[in-house]
Amino acid sequence: MEARKFTGNFTQQEPIPEDAIAAAVEVMRSGRLHRYNAVPGEVPEAALLEREYADWQGAGFCLATASGGTALQIALRAAGVGPGDRVLTNAFTLAPVPGAIHGVGAEPVLVEITGDLVIDLDDLATKARASGAQVLMLSLMRGHMPDMDRVMQVATDCGLTVIEDCAHTMGARWNGRLSGSFGAAGCFSTQTYKHINSGEGGFLVSEDAEIMARAIVMSGSYMLYDRHGAAPGPEAFAEIRYQVPNLSARMDNLRAAMLRPQLRRLDENIARWNRRCGALEEVLRACPVLRLPDRPAGALRVGSSIQFRLPGIDADGAGRFLSACAGRGVELKWFGGAEPAGYTSSHHSWRYMRAQSLPRTDAILAELFDMRIPLTFSVDDCRLIGAIIAEEASALTESAN
Ligand SMILES: *Cc1c(COP(=O)(O)O)cnc(C)c1O
């Protein structure tokens, strides 16, 4: 029997919904693309989006930004991080996270992860004390949530301010509470491969009026901070407006117009992702040679991607597994490669920072495979992809024995 193949495209997202296209066209017709360009009585799309995202997220304040990465940098600076400071972050993350820390002149201190792909809290406590860092940028990489109550307890014990990188956790929850609402600030991305799509874009949410006032001025508000949708009152800006530089990282009305209708569909899309990811997981969990991360009981993930390990695999085996899957139309990424490829770089290739030793993380990444789940895949597509992965993983293990 001929081996079954998958023929879908792994980087094909769904189209922008028609009502979002219409809203974007409307902005273009008006010519008022800049977020502060409004006629009297008009509330621009960017401000409306900030209000709606703050409401959806249950956040006091929200700033829309040019990207997730700029939201991270702004959050760090607004929380007081400056040149020479150390910032803790988990070593399993994507390049924009150490990049944001480096971008504000600070030094990343990388923390080990566990086999369940979340930050190792013992290593966090050790490195917090040893490094003198006062900030943890917690990257909720690929949507895997650690026990957030314990994270916040360690942060309190070690005097750490927490900034959450929620690029993969828009809509994820810990014990019912939304990711991004635990730390001093939560940062989101609306880049094409995240949960809502404006090409580029991001959000910063916070309950802290001072952090938000600094963030808004930094984002490039000139003195137009009263035209924001979910900002603190003018008193919060009284001093800050003289002290904070303009870094020009605003979102424009065009992107905001595209995002507002998508936000209204986000809950529905989260359910669609979880049906797809659930179908894939079911097949993969039944395959004895694969190991999937366990989720703590309180974690509600958004299954926009899937990760699994092939314990004991070496570089040669990983290469053969990747090409066997690719030969059947399943494009996997591997986090164990010596060279950065696509989005899968590791700390070994972030050579702008001090080299750090992370033996446990390295051992996990060497076995770790990754796949995004675009919503253009059906639930049946996901079952087929799961079957292909399971068959090729089993064949590989058999040939090794
Ligand atoms: C995408 C991403 C970011 C940054 O988002 P951009 O909008 O691309 O700048 C940050 N952290 C993680 C883990 C990401 O995947």
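Model, not experiment: these values are computed from the prediction. (Residues numbered from 1 in each chain as written. Predicted model: local features only at pLDDT ≥ 70, side-chain atom pairs only at ≥ 80, totals over all residues. Heavy atoms only, no water.)

Caption draft 1: How the structure looks around the domain arrangement of the chain. The assigned domain composition of the chain is domain 1 (18–264) and domain 2 (266–400). Relative placement of domain 1 and domain 2: their C-alpha centres are 27 Å apart. In this assembly, 42 residues from domain 1 lie in contact with 35 residues from domain 2. A per-residue breakdown of the area domain 1 buries against domain 2 is headed by E112, R142 and H195, which together make up 19% of the total. On the surface where domain 1 and domain 2 come into contact, there are five salt bridges. We note a salt bridge from E112 to R360, for which the minimum N-O separation is 3.9 Å. Viewed at the interface, domain 2 and domain 1 are joined by 19 residue pairs in polar contact (both at pLDDT 80 or more). (Domains from an automatic or database assignment. Contact = heavy atoms within 4.5 Å. Buried area = accessible area lost by both parts, 1.4 Å probe. Salt bridge = Lys/Arg side-chain N within 4 Å of Asp/Glu carboxyl O. Polar contact = N/O pair within 3.5 Å; in protein donor to acceptor, adjacent residues only side chain to side chain.)

Caption draft 2: The side chain of T89, seen in detail. Along the polypeptide, T89 turns up in strand β2 (residues 86–90). In terms of polar contacts, T89 uses its side chain to reach the backbone carbonyl oxygen of M137, at 2.7 Å. Apart from residues lying up to four places away in sequence, T89 is in contact with V97, I101, V109, L110, V111, L136, M137 and S139. (Helix = DSSP H or I, 4+ residues; strand = E, 2+ residues; numbered from the N terminus.)

Caption draft 3: Quick look at the environment of T161. Within the secondary structure, T161 is located in strand β5 (residues 161–165). Separated by 34 residues in the primary sequence, T161 and K127 have C-alpha atoms spaced 14 Å apart. Those residues within four positions of T161 in sequence are excluded, and the remaining contacts are Q134, V135, L136 and A184.

Caption draft 4: View of the site of the ligand. In the region of the ligand, 15 residues are neighbours, and G68, G69, H168, S189 and K194 sit closest. At 2.7 Å, a backbone N or O of G69 approaches an oxygen atom of the ligand. Contact between the ligand and H168: an oxygen atom at 2.6 Å from a side-chain N or O atom of the residue. A total of 370 Å² of accessible area belongs to the ligand in isolation, and the protein chains cover 91% of it. Of all elements in the fold, only α3 (68–78) and α4 (96–103) reach the threshold of two or more residues within the shell around the ligand. Across the shell around the ligand, the residue classes tally to five nonpolar, eight polar and two charged. (Near = heavy atom within 4 Å. Areas by Shrake-Rupley, 256 points an atom, 1.4 Å probe, with all protein chains shown as cover. Nonpolar A, V, L, I, M, F, W, Y, C, P; charged D, E, K, R; others polar.)

Caption draft 5: Quick peek at the sheet that holds strand β11 (residues 305–309). With antiparallel pairing, the three strands of this open sheet are ordered in space as β11-β13-β12. At either end of the open sheet lies a strand with only one pairing partner, and these are β11 and β12 (333–334). Bridge count between β11 and strand β13 (residues 368–372): five bridges; the pairing is antiparallel. Following the sheet pairing, S305 is matched in β13 by R372. (Pairing = 2+ DSSP bridges.)

Caption draft 6: Inspection of helix α7 (residues 209–218) at higher detail. Taken across its 10 residues, α7 has seven buried, putting it largely inside the fold. Residues I211, M212, A213, A215, I216, V217 and M218 constitute the buried set of α7. Along its buried surface, α7 packs onto β1 (61–65), α3, β9 (202–206) and α8 (240–243). A distance of 2.9 Å separates the backbone nitrogen of E210 from a side-chain oxygen at the start of α7, and that oxygen is part of D208. (Buried < 20%, exposed > 50% of the residue type's maximum accessible area, 1.4 Å probe, protein only.)

Caption draft 7: Molecular detail of the nonpolar core. Membership of the largest hydrophobic core comes to 80 residues, with the highest contact counts inside it found for F321, M371 and I389. The dominant element in this core, judged by the number of residues it contributes, is helix α13 (residues 379–400), at eight residues. Residue-level mapping places this core at the junction of two domains, with at least three residues from each of domain 1 (18–264) and domain 2 (266–400). Beyond its immediate stretch of four places on either side in the chain, M371 contacts F10, L280, S305, I306, E331, L332, F377, I385 and I389. Listed in part, the 34 residues of the second largest apolar core include A78, A100, I216 and A236. (Core = buried A, V, L, I, M, F, W, Y, C linked by side-chain atoms within 4.5 Å.)

Caption draft 8: Focus on the sheet that holds β9. On the basis of which strands lie adjacent, the open sheet formed by seven strands has the order β1-β9-β8-β5-β4-β2-β3 and mixed pairing. Strands with a single pairing partner mark the edges of an open sheet, and in this sheet they are β1 and β3 (107–111). Averaged over all adjacent pairs, the angle separating strand axes in this sheet is 20°, with direction ignored. Contacts from helix α2 (residues 45–57) reach β1, β8 (185–189) and β9 within the one sheet, and its direction differs from that of β1 by about 130°. (Axes fitted to C-alpha atoms, helices over the stretch in contact; angles between N-to-C directions.)

Caption draft 9: Inspection of the packing of aromatic side chains at higher detail. Under the defined criterion, the tally for this structure stands at 12 aromatic pairs. Seen from their ring centres, Y53 and F203 are 4.1 Å apart, and the 5° between their planes marks the pair as stacked. One end of the pair, Y53, is in helix α2; the other, F203, is in strand β9, with 150 residues separating them in the sequence. Here F203 falls in the buried class, since its relative accessible area comes to 0%. Cluster of aromatic residues (ring-pair linked, three or more members): Y53, W56, F188 and F203. The positively charged end of R177 is found above the aromatic ring belonging to F182, 4.2 Å away from the centroid. It is R372 that lies over the ring of Y193; its NZ or CZ is 4.0 Å from the centre. (Phe/Tyr/Trp six-rings, centres within 6.5 Å; stacked < 30°, edge-to-face > 60°. Lys NZ or Arg CZ within 6 Å of the ring centre and 35° of its normal.)

Caption draft 10: Representation of the packing of helix α11 (residues 315–327) against α13. Where α11 meets α13, the closest approach of the two axes is 10 Å, and the angle between their N-to-C directions is 145°. Judged by the sense of rotation from one axis to the other, the crossing of α11 with α13 is right-handed. On α13, the residues touching G317, R320, F321, A324 and C325 of α11 are I389, E392, A393, L396 and S399. Here the contact of α11 with α13 is composed, by residue class, of six nonpolar, two polar and two charged. (Left-handed = near helix turned anticlockwise from the far one by under 90°.)

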